[in-house]
Amino acid sequence: MERKRSGRRYYNKRKKTWTQQCKDYLRQFIAFLFSNIGIICLVVGYTIAGAFMFIFIESAPGNSQGIIDLVTANRTGTVARLWDLTCCSTYYEDDWRTEVQMHLRSFQSHVIEAVRNFSYEGASKEMERWTFSGSFLYSLSVITTIGYGNVTPRTLLGKLATILYAIVGMPLFLLYLSNIGDILAKSFKWIYAKCCLCRSCKKRRKRMLALQRKEQWKMDMRDLKLNTGVLTEGEESDDEGTTDGSSSLSFNDTQEVTVPISLCLTIMVGYISGGAVLFSKWEDWEFFDGSYFCFISLSTIGFGDFVPGSKITGTANGSGSIQVSFILCSMYLMLGMALIAMCFNLMQQDVVMKIRTCTDILRRITRCKN
Amino acid sequence: MVPVGDKSSTGSSSAPYAGGVDHNPKERLKECCRKLVAFMCTQVGVGGLVVGYAVVGAFCFIQIEGQANDTQQNAVIALRQNCSVGVWNATSKYNVFHRNNWTVQVGDALLHFEKKLALIVKKGYDGKTTQETWSFSAALMFSLSIFTMNGYGNVVPKTPLGKAATVVYAVFGIPLYVLYFRNMGKVLAQTFRWLYTWVYQCSMEDKVGGGDLYNQQLPQKSRVIVPSTACLWVLVAYVATGTVTFATLEDWSYMDSTFFCVTSLCKIGIENFVPVGSVKDTAGVDHSMKLIIKFVYLLLGMGIIAMCFDLMREDVQVRVRNLKMDIGLCFEDIRLRAVAVYRRRNSFD
């Protein structure tokens, strides 16, 4: 009688848990969509909005025309000075040459300043640094704190906008990093536990058995305690406890595995060299330069001597391949940052675990001596 | 350099705790000494390590990059020679009698020169020789910008060896810097919390008037949590100080100066203003002095940011906990009321 009732109840409960499980999974999936996909969309949307904002602020028409006029005026001025020099003042070739060199040098420094500080692109070229892709990369580099610095705001409003944009954007990106890094770390750990630890199945099974035995013992103890207390409720809670325990046990087992540091390092190196190959294909860099660029970007140093958009910002002829490479590049950066965050997460866990075992061993040794 | 200033305050803050534990003066002195030594080893040690690492890095980069022969410089010199030859050709062709023709041809030559030059500049030429570029202060700033992950990019390595050295330098430097950041943040946060508590208590004493409050002081000390607005004010004040300092030092406008401070402290590091004005028109000593001021400002600023992070996180945690508790109480209240209503209705039925 007792057994039958319990069996029916068990059946009922199982059915209930099954539907509940479905609901739970659905709920989790929706939460996942809202939290992670939502945050990715938010970051991308924020960057796109920033790109449009910077285009709007920085590419005011008078802004670029002024510097072109300035350089042209300087050129004609230099020509006039050279004419004066040639027709009127000097009559010896050597003197003339040194004087011309001097004038040319001043002209050169002026051009250098124009190119470096005011993003002048050489005469008769469209001065479009603030194309959509360039602007997108600028806002991405601001919120990721890479800060390439090849494209800089020139107007007062642009600078102010950059400051505000960074203040709002950086916490958002940090949130993205921690969230995505967490998820990547969890899934990577799961994969690692499934794939790499199967070889040592025997060991694992032993450990599992030991763990289960421990759990069982705990259950028994609790059972004992509960049986002395309230009877029926105790039974019920116990039942729940076992199902919960077994499910969380398997989950915990995959999550308790620590991924060794060497594997994390390998992943990082692999990602960087993969990026180097890709960039050497897209941008015609050498392999070494490509890996240098990847390292500098992913460590958020970002010198800006190599910039992914040198083709993009330089010749904006609007061909399809450039757009594709630009999109892939920004995806590479965003994924890479998350991957680095993941690796650091895993490495930290590994190090903490090792330190804990070390201290355990030390404590045991000292206790033995005592 | 930086942690020395904090030593006295932390020492004095730790003194009462030590006194609470041991009453024996000898033990107390020993305890103090031990703490001081530990403090010197950890905080000052890490700070010194960071500064030393930066200096060593600066010398290494000068050694590596200073010897590199300058292909871009040579290319520019050749271009200039070409251009002057062009001008000479125009002169010999048209003499001085056809002014218009001469002007057109010379203008073309200059235009050609300008285009080529713009291409070279876009590849990273900045009109300085390697010796000028890799002065000690610039190299120091460069190594700082590597391991703080700022990356200004006004000075960049050009040889493959220099690039490899940069990568290796970053790999070892960044963890060291993060250690410094954490440590510095903790120490500054402690100091700031202590200061804030002290000020808070003073103001409280003024309001209430001592006496009864004296007994509550000790538990209060641990309970006072610095609100995040105070942290924000500290940050704003620091940025404002930097703005004024750099505006007067470098003759920037206030907007530029603020931009520099914020982007540097946020580790974005857009180059923009670092090289331009200052290198040209100032003598060596003054220039290096400015750079050292910047160096100290940046290192200290990173510490202050870490401190604010520390304090704000604590504040936010406490607030979230309070909010949770409030919400829990609210729900409990609602439940109780609902139960009461239900019961009343039942009793009416």
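Residues numbered from 1 in each chain as written. Chains lettered and ligands numbered in written order. Predicted model: local features only at pLDDT ≥ 70, side-chain atom pairs only at ≥ 80, totals over all residues. Heavy atoms only, no water.

Chemist: Just to check I follow, could you spell out the overall build of chain A for this structure?
Modeler: A tally of helices and strands in chain A yields 11 helices and 0 strands. Going from the N terminus to the C terminus, chain A shows its helices and strands as α-α-α-α-α-α-α-α-α-α-α. Out of the 370 residues belonging to chain A, those deemed buried represent 39%. For chain A, the share of sequence-separated contacts (at least 6 apart) that also reach a separation of at least 24 residues comes to 75%. Here chain A displays about 22100 Å² of accessible surface, and carbon together with sulfur accounts for 64% of that area. (Helix = DSSP H or I, 4+ residues; strand = E, 2+ residues; numbered from the N terminus. Buried < 20%, exposed > 50% of the residue type's maximum accessible area, 1.4 Å probe, protein only. Contact = heavy atoms within 4.5 Å. Areas by Shrake-Rupley, 256 points an atom, 1.4 Å probe, with all protein chains shown as cover.)

Chemist: Please clarify how the overall build of chain B should be interpreted in this entry.
Modeler: Across its full length, chain B holds 12 helices and 0 strands. Along chain B, helices and strands appear, N-terminal first, in the series α-α-α-α-α-α-α-α-α-α-α-α. Every one of the 349 residues in chain B was classed for burial, and the buried ones make up 43%. Residue pairs at least 24 apart in sequence account for 77% of intrachain contacts in chain B once pairs closer than 6 positions are excluded. Looking at chain B as shown, the accessible area adds up to about 19500 Å², and 64% of this sits on carbon and sulfur atoms.

Chemist: Is there a simple way to think about the nonpolar core in this case?
Modeler: It is characteristic of soluble globular proteins that their nonpolar side chains tend to be buried jointly. Formed by 114 residues in total, the largest nonpolar core has its most connected members in Tyr 176 and Phe 303 of chain A together with Ile 146 of chain B. Sort the elements by how many residues they give to this core and helix H5 (residues 156–195) of chain A lands first, with 14 residues. Those residues in contact with Ile 146 of chain B, other than ones at most four positions away along the chain, are Ile 301 and Phe 303 of chain A together with Phe 61, Thr 166, Tyr 169, Ala 170 and Ile 174 of chain B. One finds Val 100 and Phe 107 of chain A together with Val 76 and Trp 102 of chain B within the second-largest nonpolar core, a separate group that totals 25 residues. (Core = buried A, V, L, I, M, F, W, Y, C linked by side-chain atoms within 4.5 Å.)

Chemist: Where do I start with the interface of chain A and chain B in this structure?
Modeler: By a widely used convention, the size of an interface equals the accessible area lost when the partners come together. The interface is formed by 59 residues belonging to chain A together with 61 residues belonging to chain B. Carbon and sulfur atoms make up 71% of the area that chain A and chain B hide from each other, which totals about 5200 Å². Residues Lys 159 of chain A and Asp 256 of chain B are paired through a salt bridge, measuring 2.5 Å at the closest nitrogen-oxygen approach. Sort the elements by how many residues they give to the side of chain A that touches chain B and helix H3 (residues 93–118) of chain A lands first, with 15 residues. Considering only residue class, the side of chain A that touches chain B consists of 30 nonpolar, 17 polar and 12 charged. (Buried area = accessible area lost by both parts, 1.4 Å probe. Salt bridge = Lys/Arg side-chain N within 4 Å of Asp/Glu carboxyl O. Nonpolar A, V, L, I, M, F, W, Y, C, P; charged D, E, K, R; others polar.)

Chemist: Even after reading the chapter, I still don't get the pattern of salt bridges, so can you show me in this structure?
Modeler: Charged atoms that come close allow side chains of opposite charge to pair. Residue and element names in this part refer to chain B. Applying the stated criterion across every chain, the model contains 11 salt bridges over all chains. Between Asp 310 and Arg 313 there is a salt bridge; the shortest N-O distance is 3.5 Å. A residue pair is termed a helical-turn pair when its members lie 3 or 4 positions apart in one helix, as Asp 310 and Arg 313 do in helix H12 (residues 284–348) at 3 residues. Taking relative accessible area as the criterion, Asp 310 reaches 24% and is therefore assigned partly exposed. We classify Arg 313 as exposed; its relative accessible area is 52%. With its nearest N and O atoms 3.8 Å apart, the salt bridge here joins Arg 319 to Asp 315. Of this pair, Arg 319 and Asp 315 both sit in helix H12, 4 residues apart, which is roughly one turn of that helix. For Asp 315, a relative accessible area of 5% puts it in the buried group.

Chemist: Would you explain the UniProt feature "transmembrane region" (unreviewed entry) in chain A in this entry?
Modeler: Residues and elements named next belong to chain A. As recorded in UniProt, the feature "transmembrane region" (unreviewed entry) lies at residues 29–57, 130–149, 156–177, 257–279, 291–310 and 322–347. For residues 29–57, the helix share is 100%, the strand share is 0%, and the end-to-end C-alpha distance is 40 Å. Here residues 156–177 is 100% helix and 0% strand, with 31 Å between the C-alpha atoms at its ends. (UniProt positions renumbered as here; feature names shortened; annotations may be inferred.)

Chemist: Please clarify how the packing of H5 of chain A against helix H10 (residues 254–265) of chain B should be interpreted in this entry.
Modeler: Relative placement of two packed helices is described by the angle separating their axes and the distance separating the axes. Contact geometry of H5 of chain A with H10 of chain B gives a least axis separation of 10 Å together with a crossing angle of 25°. Our classification of the angle between H5 of chain A and H10 of chain B gives roughly parallel. Handedness of the crossing formed by H5 of chain A with H10 of chain B: left-handed. Touching Leu 156, Lys 159, Leu 160, Thr 162 and Ile 163 of chain A of H5 of chain A are Met 255, Asp 256, Thr 258, Phe 259 and Val 262 of chain B, all from H10 of chain B. (Axes fitted to C-alpha atoms, helices over the stretch in contact; angles between N-to-C directions. Parallel < 35°, antiparallel > 145°, perpendicular 65-115°, else oblique. Left-handed = near helix turned anticlockwise from the far one by under 90°.)

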